[in-house]
Amino acid sequence: MSAHRYRFAPSPTGFLHIGGARTALYNWLLARKSPEDALVLRLEDTDRERSTDEAVAQILDAMEWLGLDYDEGPFRQTERSDIYAERLEKLLSSGAAYWDTAGAGEVKLAKERSGGAGYRGTPVPEGTAGAAVRLRVPDEGHTTVNDVIRGESAFENRLLDDFVIARADRTPLYNFAVAVDDTDMGVTHVVRGEDHLSNTPRQLLVLKALGADPPLYAHLPLLHGTDGKPLSKRHGAASVQELRDIGYLPEAVRNYLALLGWGYDAETTFFTTHDLIEKFSLERVSRSPAVFDEQKLSWMNGHYIREMDTAELTRRVAEWMAARDISGADDPRLEQAVAAVKDKVSTLAEVPRLVGFAFGPVETDPKAWDKVMGKEGARDLLERARTALAGVDPFDEAQIEQALQRVVEDTGAKPGAVYQPLRVAITGKTVSAGIFESLALLEREEALQRIDQALDRL
RNA sequence: GGCCCGUUCGUCUAGCCUGGCCUAGGACGCCGCCCUCUCACGGCGGAAACAGGGGUUCGAAUCCCCUACGGGCUACCA
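Residues numbered from 1 in each chain as written. Chains lettered and ligands numbered in written order. Predicted model: local features only at pLDDT ≥ 70, side-chain atom pairs only at ≥ 80, totals over all residues. Heavy atoms only, no water.

**Some remarks on the overall build of chain A**
Working step 1: Secondary structure assignment for chain A yields 19 helices and 12 strands.
Working step 2: On C-alpha atoms alone, chain A measures out to a radius of gyration of 31 Å, which is more than a quarter above the 23 Å that the 2.2 N^0.38 rule sets for 458 residues.
Working step 3: With respect to the principal axes defined by its C-alpha atoms, chain A has extents near 100 × 45 × 35 Å.
Working step 4: Out of the 458 residues in chain A, the part that is buried amounts to 50%. (Helix = DSSP H or I, 4+ residues; strand = E, 2+ residues; numbered from the N terminus. Rg over C-alpha atoms; globule rule 2.2 N^0.38 Å. Buried < 20%, exposed > 50% of the residue type's maximum accessible area, 1.4 Å probe, protein only.)

**Topic: the environment of His-189**
Working step 1: If you trace the backbone, His-189 turns up in strand β9 (residues 189–193).
Working step 2: For His-189, a relative accessible area of 11% puts it in the buried group.
Working step 3: Taking the C-alpha atoms as reference, His-189 lies 9.5 Å from Leu-30; in sequence the two are 159 residues apart.
Working step 4: Apart from the residues lying within four places of it in its own chain, the contact partners of His-189 are His-4, Arg-5, Tyr-6, Arg-7, Pro-215 and Leu-216. (Contact = heavy atoms within 4.5 Å.)

**Considering the nonpolar core**
Working step 1: Ranked by size, the top nonpolar core spans 106 residues in total, and within it Phe-292, Leu-389, Ile-400, Leu-404, Leu-422 and Leu-439 carry the most contacts.
Working step 2: Looking at which element gives the most residues to this core, the answer is helix α1 (residues 18–31), with nine residues.
Working step 3: Setting aside residues no more than four positions away along its own chain, Leu-422 makes contact with Leu-382, Ala-385, Leu-389, Leu-404, Ile-435, Leu-439 and Ile-451.
Working step 4: Core analysis: the next-biggest nonpolar cluster, separate from the first, contains 31 residues, Ala-131, Phe-163, Met-185 and Leu-204 among them. (Core = buried A, V, L, I, M, F, W, Y, C linked by side-chain atoms within 4.5 Å.)

**Re the environment of Glu-106**
Working step 1: Mapped onto the elements, Glu-106 comes out in helix α4 (residues 104–113).
Working step 2: As a C-alpha pair, Glu-106 and Tyr-119 span 13 residues in sequence and 9.3 Å in three-dimensional space.

**A closer look at the sheet that holds strand β5 (residues 132–135)**
Working step 1: Spatially, β4-β5-β8 is the arrangement adopted by the three strands of the open sheet, whose pairing is antiparallel. The open sheet terminates on both sides in strands that have one partner only, identified here as β4 (97–100) and β8 (164–166). Ignoring strand direction, the axes of neighbouring strands in this sheet form an average angle of 45°.
Working step 2: The sheet contact formed by β5 and β8 spans two bridges and is antiparallel. (Pairing = 2+ DSSP bridges. Axes fitted to C-alpha atoms, helices over the stretch in contact; angles between N-to-C directions.)

**Considering α1**
Working step 1: The terminal C-alpha atoms of α1, which comprises 14 residues, lie 20 Å apart, in line with the 20 Å expected from a rise of 1.5 Å per residue.
Working step 2: With 14 of its 14 residues buried, α1 lies for the most part within the structure. (Expected span 1.5 Å × (residues − 1).)

**Quick word on the confidence of the model for chain A**
Working step 1: Of all residues in chain A, 98% have pLDDT values of 70 or greater, and the mean over the chain is 94.
Working step 2: Scoring the predicted complex yields pTM 0.94 and, for the interface, ipTM 0.95. (pLDDT = per-residue confidence, 0-100.)

**Considerations on the packing of aromatic side chains**
Here the distance between the centres and the angle between the planes together describe a pair of aromatic rings.
Working step 1: The final tally for this structure, using the stated rule, is nine aromatic pairs.
Working step 2: Between the aromatic rings of Trp-262 and Tyr-264, the centroid separation amounts to 6.4 Å while the plane-to-plane angle is 40°, which identifies the pairing as tilted.
Working step 3: With a centroid separation of 6.1 Å and 70° between ring planes, the pair formed by Phe-270 and Tyr-304 is classed as edge-to-face. On the criterion of sequence distance, the pair formed by Phe-270 in the loop between α8 (250–258) and α9 (273–279) and Tyr-304 in helix α10 (residues 294–307) is long-range, its members being 34 residues apart.
Working step 4: For Tyr-304, a relative accessible area of 15% puts it in the buried group.
Working step 5: Through pairs of rings, three or more aromatic residues link up here, namely Tyr-26, Trp-262, Tyr-264, Phe-271 and Phe-280. (Phe/Tyr/Trp six-rings, centres within 6.5 Å; stacked < 30°, edge-to-face > 60°.)

**Overview of the pairing of β4**
Working step 1: Judged by which residues are buried, β4 turns out to be covered on both faces: Ala-97 and Trp-99 on one side and Tyr-98 and Asp-100 on the other are all buried.
Working step 2: Sheet topology note: the β4/β5 ladder contains four bridges and is antiparallel. If you follow Ala-97 over to β5, its bridge partner there is Leu-135.

**What to know about the side chain of Arg-254**
Working step 1: Locating Arg-254 in the fold gives a position in helix α8.
Working step 2: One buried charged residue, Arg-254, remains without a salt bridge, the closest side chain of opposite sign being Glu-251 at 4.9 Å.
Working step 3: At 2.6 Å, the side chain of Arg-254 forms a polar contact with the backbone oxygen of Leu-66.
Working step 4: Sequence-distant contacts of Arg-254, that is, excluding residues within four places in its chain, are made with Leu-25, Leu-66, Gly-67, Thr-273 and Leu-276. (Lys, Arg positive; Asp, Glu negative; His and termini not counted. Salt bridge = Lys/Arg side-chain N within 4 Å of Asp/Glu carboxyl O. Polar contact = N/O pair within 3.5 Å; in protein donor to acceptor, adjacent residues only side chain to side chain.)

**Description of the environment of Arg-120**
Working step 1: By secondary structure assignment, the location of Arg-120 is in the loop between α4 and β5.
Working step 2: Here Arg-120 falls in the partly exposed class, since its relative accessible area comes to 25%.
Working step 3: Sequence separation of Arg-120 and Asp-139 is 19 residues, and the distance between their C-alpha atoms is 9.2 Å.
Working step 4: With residues up to four places along the chain from it excluded, the contact list for Arg-120 reads Tyr-98, Val-137, Pro-138, Asp-139, Asn-157, Arg-158, Leu-160, Asp-161 and Asp-162.
Working step 5: Here the side chain of Arg-120 touches Asn-157 through a polar contact of 3.1 Å, landing on its backbone oxygen.
Working step 6: At 3.2 Å, the side chain of Arg-120 forms a polar contact with the side chain of Asp-162.

**Some points on the layout of surface pockets**
Working step 1: Space inside the second largest pocket adds up to approximately 280 Å³.
Working step 2: Trp-65, Arg-244, Tyr-248, Leu-249, Pro-250, Arg-315, Arg-316, Glu-319, Trp-320, Ala-323, Arg-324 and Leu-348 are the residues that line the second largest pocket.
Working step 3: Grouping the constituent residues of the lining of the second largest pocket by class yields seven nonpolar, no polar and five charged. (1 Å grid on protein atoms, 1.4 Å probe; cavity = no way out; pocket = protein on both sides within 12 Å on 5 of 7 lines; lining within 4 Å. Points joined across faces, edges and corners; volume = space filled by probe spheres on them. Nonpolar A, V, L, I, M, F, W, Y, C, P; charged D, E, K, R; others polar.)

**Some details on helix α17 (residues 415–427)**
For an α-helix the count is 3.6 residues per turn, leaving residues at separations of three or four pointing the same way.
Working step 1: Here α17 is 13 residues long and its end C-alpha atoms lie 18 Å apart, about the 18 Å a rise of 1.5 Å per residue gives.
Working step 2: For α17, every residue scored as buried is listed here: Val-418, Tyr-419, Pro-421, Leu-422, Arg-423, Val-424, Ala-425, Ile-426 and Thr-427.
Working step 3: Looking at the buried residues of α17, the elements they touch are α14 (366–373), α15 (378–390), α16 (397–411), α18 (435–442) and α19 (444–457).
Working step 4: Two residues or fewer past α17, Gly-428 is found with a positive phi of approximately 80°.

And the structure:
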């Protein structure tokens, strides 16, 4: 059995968008299928402007968070100029490539005259003003892309231009550089976005000129936004960094991303990463674009949170809070707080939102106050609840519940009429964790104090 | 314009290759009911799709053709 080498090539713009993350994930899943396979990370950074070291570091950081490790790389295009120079020379001396002075305008003109046939240049000596290197494309035959997902697509050579593979200063262009890297790095599988399908014949032509065997290609459908337009930076594409900030779990993101454009069977929705590695296959990848739907991600994330061990979840929440200087990250009651809201949240960010009251002063929402405290009998019930709570010992959920239920029974009030004023008094909001849990979390002294404060205001 | 790719519920998809088991299945979302201290969670039920038109066939979501629509590429960007 031979080893496979998968190539993942993000643009290091400091921004790993959802589509890129999915491509990374698919490559990673494939490369992890067998121990001898490898994931090669090649960075598409001919564009020096955007690919600063900092931007590269951000991409790598996002991949690490997602749990996508690589075996070789990151290879930066800017650091491989020797290799491209050598291959370029080889093509030039064999006549497979030549210097030509035509610019975009001339190419367009020539194509119009020839009725749409591909542009063919006239070789000039190196150093001629404005000359760049073009690859000689055959006039006859087809260049056929054999795609694992889409099958065969044939492109007529006659219609393809002799395209530029290097600038006047011999720096390589994308279609050349990438093909050189594929052979040079021994890449066997290229799994990338569909936007590269039309570039593939050009890369195939370079490979052929170099006398190299092409890798296996798989072009994934693009990802679209909720408006049905392709996702792009200026088009509200979420990045994995943003997903991390909002409080998504990497395992949930992996699961969700895997399902964007791929399905295993009619009913399986949840996959452990182990399952994914085992079950994922390119043959089952969809051919049409998928829309990134955060609602479903959110639901799935909630599922992962509920399934997670509370201690582990607490660790994640603490880490998330600490990274954002949110108070309570190192509070010993955090685990108790997490347990109280585990069923209610769908992201890590919602945890401090629901239990933050326990880790800092009450911030009373005026609307909540008016709505609840303005009700008939609110003050009286709050007072009775206070009295009942003062005698609870130990001050734990079970005892608190008993005591408060007695208040409900004795007064004949609706449970909500007793609990809501209490909730507003101690949390400042109408929405929070369960009232018994919230009270216990606060502990008696603090709870009573907050109730007294509320009573004073009433 | 040329070339290439695509089109199943609002969304992600199963089914398509190897026509009949599809009165098209599941999930998110939505609506209703139940549970309930708020919000959630959970349970139950519901509305909701084969882009259109021609063929082939006893039979087509599945095979063929056309049209429409969407997208990509067509840079001395990647």
